Amino acid sequence: RAPILCSLRWMDLETQTPQRRVTIALFTYDFPPFIGGISAYTLNLAKGLGEQGHEVHVVCPGSPWDAGVPGVSVHRFDASGSDFRRYRKGRSVLDGVVGALRPDVLHAVSSIAHLALGRMDESTLPRVMTLHGTEILRSLTPKGFGRFRDALFRPAYMEADRIICVSRFTRSLAESHGLPADRLVVVHNGVDTSPRYHPPEADSEVRARYGLFGKKILLTVAHLHPRKGQMEVLRALPDILRVVPEAAYVMVGAGDALDNLRL
């Protein structure tokens with residue numbers, strides 16, 4: 001098999017340059033203009049790999065006229081309808097891209113994409129999958145109603161050459177659910193520290209609007225959903241304030257849990 005290549009491990013750590021130019025197919029059901037963490041992850045991964053000189057193809061939902069990504073080829077499919085229909089449409093476009101390009105690496109970035117990649121016939125191509133958090137708890141549950149999902153997803157994960165875990169916690173979940181430890185690698189999500197995430201002209205305005213001058217700010221930027229943990233931070237806030245009285249918790253996001261979090 002070709003060398004297994006995954007995320008930031010593609011570059012030589014001393015020279016910070018690509019070891020060789022490879023063709024990468026990223027498959028996901030979350031990509032702009034759709035909003036979400038996996039969507040942002042895939043976009044930035046695709047852009048970063050393209051900037052390193054690799055040939056990057058993204059297979060994702062959307063309309064053909066959705067904005068493209070400079071230096072990246074985006075292959076769209078219609079994601080309307082049932083989950084099964086979405087799966088079939090995505091899989092059909094992925095099969096076409098793989099057949100035409102024979103990429104060096106197939107990388108599935110979201111859970112339904114994991115399933116599609118595991119059921120492909122192209123077993124000679126290296127396969128990489130990314131686990132972002134607790135989705136494995138839904139996919140690998142060999143009890144009750146979860147048996148059907150487990151029977152579908154477990155073979156897919158077992159066929160992966162590498163499984164990227166975005167944290168040590170995610171890796172521990174994967175191991176505890178029977179995934180082979182020698183295929184799990186932790187690659188933390190990167191942070192873009194460029195000025196666009198801290199525009200000086202907006203700093204004072206935001207602090208004044210929310211009374212944040214002199215505060216030590218605890219910030220979360222995430223979808224407002226119970227599994228994201230904002231409520232856990234709120235429950236911990238009294239203990240935090242006893243140690244750091246000048247602390248302020250700021251949440252950025254939107255979602256179904258907004259009303260509960262405001263109470």
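The structure presented is a predicted model; accordingly, all values stated were derived computationally and were not measured.

Cut-off values and rules
- Residues numbered from 1 in each chain as written.
- Predicted model: local features only at pLDDT ≥ 70, side-chain atom pairs only at ≥ 80, totals over all residues.
- Heavy atoms only, no water.
- Helix = DSSP H or I, 4+ residues; strand = E, 2+ residues; numbered from the N terminus.
- Buried < 20%, exposed > 50% of the residue type's maximum accessible area, 1.4 Å probe, protein only.
- Contact = heavy atoms within 4.5 Å.
- Areas by Shrake-Rupley, 256 points an atom, 1.4 Å probe, with all protein chains shown as cover.
- Core = buried A, V, L, I, M, F, W, Y, C linked by side-chain atoms within 4.5 Å.
- Axes fitted to C-alpha atoms, helices over the stretch in contact; angles between N-to-C directions.
- Parallel < 35°, antiparallel > 145°, perpendicular 65-115°, else oblique.
- Left-handed = near helix turned anticlockwise from the far one by under 90°.
- Polar contact = N/O pair within 3.5 Å; in protein donor to acceptor, adjacent residues only side chain to side chain.
- Pairing = 2+ DSSP bridges.
- Salt bridge = Lys/Arg side-chain N within 4 Å of Asp/Glu carboxyl O.

### A word on the overall build of the chain
For step 1, the next point in the chain: Helices and strands together make up the secondary structure of the chain, namely nine helices and nine strands.
For step 2, the next point in the chain: Per-residue burial for the chain yields a buried fraction of 37% across its 263 residues.
For step 3, the next point in the chain: Counted over contacts in the chain with a minimum sequence separation of 6, partners at least 24 positions apart contribute 57%.
For step 4, the next point in the chain: As presented, the chain carries roughly 15000 Å² of accessible surface, and 56% of it is formed by carbon and sulfur atoms.

### Digging into the nonpolar core
For step 1, the next point in the chain: Membership of the largest hydrophobic core comes to 31 residues, with the highest contact counts inside it found for Phe27, Leu131, Tyr157, Ile163 and Leu179.
For step 2, the next point in the chain: Secondary-structure elements contributing two or more residues to this core are strand 1 (23-27), helix 2 (83-101), strand 4 (105-108), helix 3 (111-118), strand 5 (127-131), helix 5 (146-158), strand 6 (162-165) and helix 6 (168-176).
For step 3, the next point in the chain: Those residues in contact with leucine 131, other than ones at most four positions away along the chain, are His114, Ile136, Tyr157, Ile163, Ile164, Cys165, Val166, Thr170, Ala174 and Leu179.
For step 4, the next point in the chain: The next biggest cluster of nonpolar side chains, apart from the first, holds 19 residues, and it includes Leu26, Val56, Val128 and Val185.

### Some thoughts on the packing of helix 2 against helix 3
For step 1, the next point in the chain: Look at helix 2 against helix 3: their axes get within 10 Å of each other, and the N-to-C directions meet at 55°. With respect to helix 3, the element helix 2 is oriented oblique. Helix-helix and strand crossings are classified by hand; for helix 2 and helix 3 the assignment is right-handed. Contacts between helix 2 and helix 3 involve Arg86, Tyr87, Arg91 and Leu94 from the former and Ile112, Leu115, Ala116 and Leu117 from the latter.

### Here we look at the side chain of glutamine 230
For step 1, the next point in the chain: Its place among the elements puts glutamine 230 in helix 8 (residues 230-243).
For step 2, the next point in the chain: For glutamine 230, a relative accessible area of 3% puts it in the buried group.
For step 3, the next point in the chain: A polar contact of 3.1 Å, which involves the side chain of glutamine 230, links it to the backbone oxygen of histidine 223.
For step 4, the next point in the chain: Aside from chain neighbours lying at most four places away, what touches glutamine 230 is Thr220, Ala222, His223, Leu224, His225, Tyr249, Met251 and Leu261.

### Quick notes on the sheet that holds strand 2 (residues 55-61)
Through backbone hydrogen bonds, the strands of a sheet pair up, either in parallel or in antiparallel fashion.
For step 1, the next point in the chain: In spatial order, the strands read 3-2-1-4-5-6-7; together these seven strands make up an open sheet with parallel pairing. What marks the edges here is a single partner per strand, and that holds for strand 3 (72-77) and strand 7 (184-186). Each neighbouring strand pair of the sheet contributes to a mean axis angle of 20°, computed without reference to strand direction.
For step 2, the next point in the chain: Sheet strands in contact with helix 6 are strand 5, strand 6 and strand 7, and its direction is about 165° off that of strand 7.

### Some words on the pattern of salt bridges
Side chains that differ in charge, positive against negative, can pair when their charged atoms come close.
For step 1, the next point in the chain: Under the counting rule described, the total for this entry stands at 10 salt bridges.
For step 2, the next point in the chain: For the salt bridge of arginine 171 with glutamate 175, the shortest nitrogen-to-oxygen distance reads 3.1 Å. Highlighted residues: arginine 171 and glutamate 175, both in helix 6, separated by four residues, approximately one helical turn.

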